[in-house]
Amino acid sequence: MPGSGAVTRNTLRQQIADALRDEVLAGRLPPGTEFTVKQIAEQYEVSATPVREALVDLSAQGLLELVQHRGFRVRIFSVDDFRGMVEARALVVDGIFRRLAERGTAPGSGEMLVSVRRRAEEARRAAQSGSLEVLIGYDLRFWRELGGLVGNTYISEFLHRIRVQCWVFAVPHLQREPQLRAALWCGHNELVDAVTLADADEVRRIVHEYNQHGLDWAAGL
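Predicted model, so just to flag it, every value in this text is computed and none were measured.

(A) View of the packing of helix H9 (residues 188-196) against helix H10 (residues 200-219). At a closest axis distance of 8 Å, the pairing of H9 and H10 adopts a crossing angle of 155 degrees. Judged by the angle between their axes, H9 and H10 are roughly antiparallel. Once H9 is placed against H10, the crossing between them reads as left-handed. Counting all contacts with H9, which are made through Glu190, Leu191, Ala194 and Val195, the residues of H10 involved are Glu202, Val203, Ile206 and Val207. Across the contact of H9 with H10, the residue classes break down as 6 nonpolar, no polar and 2 charged.

(B) Representation of the sheet that holds strand S2 (residues 64-67). Taken in spatial order, the 3 strands of this open sheet run S1-S3-S2, and their pairing is antiparallel. On the outer flanks of this sheet lie strand S1 (34-35) and S2, each paired with one strand and no other. Where S2 and strand S3 (residues 71-74) come together, 4 bridges link them in antiparallel fashion. Looking at the pairing, Glu65 lines up with Arg73 of S3. Here helix H3 (residues 48-60) sits on the sheet and contacts S1, S2 and S3; the angle it forms with S2, its principal contact strand, is near 115 degrees.

(C) Geometry of unusual backbone geometry. A positive phi is found at Glu45, a non-glycine position, where the angle reads about 55 degrees. Even without glycine at this site, His69 takes up a positive phi of about 65 degrees. Locating His69 in the fold gives a position in the loop between S2 and S3. Note on His69: relative accessible area 79%, which makes it exposed.

(D) The arrangement of the packing of helix H6 (residues 132-148) against helix H7 (residues 153-174) in detail. Orientation of H6 relative to H7, taken along the N-to-C sense of each, is 160 degrees, at an axis distance of 10 Å. What the angle tells us is that H6 and H7 run roughly antiparallel. As H6 packs across H7, the resulting crossing turns out to be right-handed. The segment H6 lies against H7, with Leu132, Leu135, Ile136, Asp139, Leu140, Trp143, Arg144 and Gly148 engaging Ser156, Glu157, His160, Arg163, Val164, Trp167, Val171 and Leu174. The class makeup of the residues in the contact of H6 with H7 is 9 nonpolar, 3 polar and 4 charged.

(E) How the structure looks around the side chain of Ser156. Here Ser156 is to be found in helix H7. For Ser156, a relative accessible area of 12% corresponds to the buried category. Those residues in contact with Ser156 that lie beyond four places of it in its chain are Arg144 and Gly148.

Criteria and cut-off values
- Residues numbered from 1 in each chain as written.
- Predicted model: local features only at pLDDT ≥ 70, side-chain atom pairs only at ≥ 80, totals over all residues.
- Heavy atoms only, no water.
- Axes fitted to C-alpha atoms, helices over the stretch in contact; angles between N-to-C directions.
- Helix = DSSP H or I, 4+ residues; strand = E, 2+ residues; numbered from the N terminus.
- Parallel < 35°, antiparallel > 145°, perpendicular 65-115°, else oblique.
- Left-handed = near helix turned anticlockwise from the far one by under 90°.
- Contact = heavy atoms within 4.5 Å.
- Nonpolar A, V, L, I, M, F, W, Y, C, P; charged D, E, K, R; others polar.
- Pairing = 2+ DSSP bridges.
- Buried < 20%, exposed > 50% of the residue type's maximum accessible area, 1.4 Å probe, protein only.

Given below as structure tokens:
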């Protein structure tokens, strides 16, 4: 069937990109790790083309860097990079969630809000138990679904990309934290409650607390 090869390759490309992103987020591919297209292709037992495309995609997302004549490297983010990410995230998140609280969710979003609340509870449990890898998965889904209530996919994708980068920076440091649970934010439920009640002041307070929590933690590194 015409085009089936391209569809298969694109699907494989996404699967490889997702798998490598998960490895980076889990800390199994720490910042500074270098590898070639050939190494990844052999690891996943696939051809080089979808691997190269996946690595280029992850580079465009800011997770990898191209190292001339050597392949790719997991990007190393500095504390200043992290502060810049939080600042960018804060400027957007504060505005969109205040608007969400003031105007309410879009019609038909009730079912999505139920899903967001479920993600919030799962993220809270993971944070309180210190289950970092579990928390990352639920936290990313929580913020992506909550941002989806605004109905602007461009904003949602932008925030998701920054949030992934924040976790890439944070994971190696958090894995060395002697008091991991104290370093993890767990106010997901409170934020959902505030959005549901359309309490703009409470949304603003929680979002500020969330961002300040990250900055205070980074200041101690």
